[in-house]
Amino acid sequence: MFYCEPGNFGITMNFKDISWKSIKEVSFKEELFGSKFICVPLHGENIITEYIPKVQARKLYQAAYEQLESFKEQQRQLDLEERRSSTSPVTVNTLPAPEPVEEDEPQAFFSPPLLRLQYR
């Protein structure tokens, strides 16, 4: 956001370039003699522009709000992409470790004889 405010009793102008990531919210307030446009940064004091015509304040608020929401959505998408690309603690396609087999009775070293079947 590019912010301009008068300085030295209106003789000069002071310009501020404010990044969207340092803005918490924007709002406006209609008053008897014009409106106030309010920009609330994450840190520091609010930036207030007073005595703006009401129609211009509404349009300024609408444009700033749309840009701020667009930036927040873009940041949210980037965060989701980062989370998806980060390594996952879940391992896929692995075989479970074999469990030890406990036997109750010892097995014989030979198997019982097989019976021969005679075909008639």
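What counts as what
- Throughout this document, residue positions are counted from 1 along each chain, in the order its sequence is written.
- The predicted nature of this model means local features are confined to residues of pLDDT at least 70 and side-chain atom pairs, given and counted, to a pLDDT of 80 or more, with totals for whole chains, interfaces and linings taken over all residues.
- Each side-chain value is worked out from all heavy atoms of the structure, with water and hydrogens disregarded.
- Only Phe, Tyr and Trp rings take part, Trp by its six-membered ring, and two of them pair if their centres are within 6.5 Å. Stacked means planes under 30 degrees apart, edge-to-face means over 60, and tilted covers everything else.
- Helix numbering and strand numbering both begin at the N terminus, where a helix is a DSSP run of H or I of at least 4 residues and a strand a DSSP run of E of at least 2.
- Type-normalised accessible area, obtained with a 1.4 Å probe on protein chains alone, sets the label of each residue: buried when under 20%, exposed when over 50%, and partly exposed for intermediate values.
- Salt bridges are counted wherever a side-chain nitrogen of Lys or Arg sits within 4 Å of a carboxyl oxygen of Asp or Glu.
- What we call a nonpolar core is a set of buried Ala, Val, Leu, Ile, Met, Phe, Trp, Tyr and Cys residues that are connected through their side-chain atoms within 4.5 Å.
- Here, two residues are considered to be in contact whenever any of their heavy atoms come within 4.5 Å of each other.
- One less than the number of residues in a helix, times 1.5 Å, gives the span that helix is expected to have.

**Q** Before we move on, could you go through the packing of aromatic side chains and cite the residues and values that matter?
**A** Enumeration according to the criterion identifies three aromatic pairs in this entry. Relative to phenylalanine 15, the ring of phenylalanine 2 has its centre 5.6 Å away and its plane inclined at 20°; by these criteria the two rings are stacked. Within this pair, whereas phenylalanine 2 is found in strand β1 (residues 2-7), its partner phenylalanine 15 is found in strand β2 (residues 12-17), the two being separated by 13 residues in sequence. As far as burial versus exposure is concerned, phenylalanine 2 and phenylalanine 15 are alike and both exposed.

**Q** Kindly report on the pattern of salt bridges, identifying the contributing residues and their values.
**A** Counted according to the given criterion, the structure contains five salt bridges. Measuring nitrogen to oxygen at the nearest pair gives 2.7 Å for the salt bridge that ties glutamate 30 to arginine 58. In this pair, glutamate 30 is assigned in strand β3 (residues 23-31) and arginine 58 in helix α1 (residues 54-85), connecting sequence segments 28 residues apart. Arginine 84 is the partner of glutamate 81 in a salt bridge, and the nearest nitrogen-oxygen pair spans 3.8 Å.

**Q** How would you summarise the nonpolar core if you had to cite specific residues and measurements?
**A** Ranked by size, the top nonpolar core spans twelve residues in total: Met1, Tyr3, Ile18, Ile23, Val26, Phe37, Cys39, Ile47, Ile52, Ala57, Ala64 and Leu68. Every element with two or more residues in this core is listed here: β3, β4 (34-41), β5 (47-52) and α1. A total of three residues in this core trace back to one element, the largest contributor, which is α1. With near-sequence residues (within four places) excluded, isoleucine 52 lies in contact with Gly34, Ser35, Phe37, Ala57 and Leu60.

**Q** Give a detailed account of α1, specifying residues and quantitative values.
**A** Spanning 32 residues, α1 covers 46 Å between terminal C-alpha atoms, matching the ideal 46 Å at 1.5 Å per step. Residues of α1 that are buried sit in contact with β3, β4 and β5.

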